[in-house]
Amino acid sequence: MTERAILKEMRDILDEVRAIGPCLDGNLLANKTNRYTKKDGSVSVYPAPPVLQYRVGPGKRRSKRIPREKVAEVERLLEAGARHRRLMARYAALAAELALSSKKRP
């Protein structure tokens, strides 16, 4: 790949990243259930509220309960975050390729 082609693709990736808008980096735990054992020994199972786990720093995560009516919005933000991660990984690979290609020239 030529330097010009790499730089063009990098510019295109940055344009796509800017167009994404707000995004979240994390995951949503929405299908969990809680169990409660009553005094008489019977077990009651009920759905747990959805929980968003998100990153707050290197190696650190936090979680927050999400109201059921906001789950669709949070899922859209998480999809945008996944797209952002993929694009930035491609951008980093192109930047590394560009940096190494300049060392090959005399």
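Computed from a predicted model, the values in this text were never measured in an experiment.

Novice: Just checking my understanding: could you explain the overall build of the chain for this structure?
Specialist: When its secondary structure is counted, the chain shows two helices and five strands. Counting from the amino terminus, helix and strand elements in the chain follow one another as α-β-β-β-β-β-α. Taken over C-alpha atoms, the radius of gyration comes to 22 Å for the chain, far larger than the 13 Å a tight globule of 106 residues would show. Taking the principal axes of the C-alpha coordinates as reference, the chain spans close to 80 × 25 × 20 Å. Partitioning the contacts of the chain with sequence separation of at least 6, the portion at a separation of at least 24 is 54%. Of the roughly 8300 Å² that the chain leaves accessible, carbon and sulfur atoms contribute 53%.

Novice: Hey, could you run me through the side chain of Ser 101 in this one?
Specialist: Along the chain, the position of Ser 101 falls in helix 2 (residues 71-104). Using a relative accessible area of 18% as the deciding quantity, one classes Ser 101 as buried. A polar atom in the side chain of Ser 101 sits 2.9 Å from the backbone oxygen of Leu 98.

Novice: For this particular structure, what's the right way to read the pattern of salt bridges?
Specialist: Per the counting criterion, the structure on display carries six salt bridges. With a closest N to O distance of 3.2 Å, Glu 16 and Arg 83 form a salt bridge. Of this pair, Glu 16 sits in helix 1 (residues 3-20) while Arg 83 sits in helix 2, and the two are 67 residues apart along the sequence. Residue Glu 16 is classed as partly exposed on the basis of its relative accessible area, which comes to 34%.

Novice: Honestly, the pairing of strand 4 (residues 51-57) in this entry has me stumped. Any pointers?
Specialist: As paired strands, strand 1 (residues 26-29) and strand 4 are joined by four bridges and run antiparallel to one another. Looking across to strand 4, one finds that Leu 29 is bridged to Val 51. The pairing of strand 4 with strand 5 (residues 60-65) spans six bridges and is antiparallel. Following the sheet pairing, Leu 52 is matched in strand 5 by Lys 64.

Analysis parameters
Residues numbered from 1 in each chain as written. Predicted model: local features only at pLDDT ≥ 70, side-chain atom pairs only at ≥ 80, totals over all residues. Heavy atoms only, no water. Helix = DSSP H or I, 4+ residues; strand = E, 2+ residues; numbered from the N terminus. Rg over C-alpha atoms; globule rule 2.2 N^0.38 Å. Contact = heavy atoms within 4.5 Å. Areas by Shrake-Rupley, 256 points an atom, 1.4 Å probe, with all protein chains shown as cover. Buried < 20%, exposed > 50% of the residue type's maximum accessible area, 1.4 Å probe, protein only. Polar contact = N/O pair within 3.5 Å; in protein donor to acceptor, adjacent residues only side chain to side chain. Salt bridge = Lys/Arg side-chain N within 4 Å of Asp/Glu carboxyl O. Pairing = 2+ DSSP bridges.

None of this, on its own, says anything about what the molecule does.
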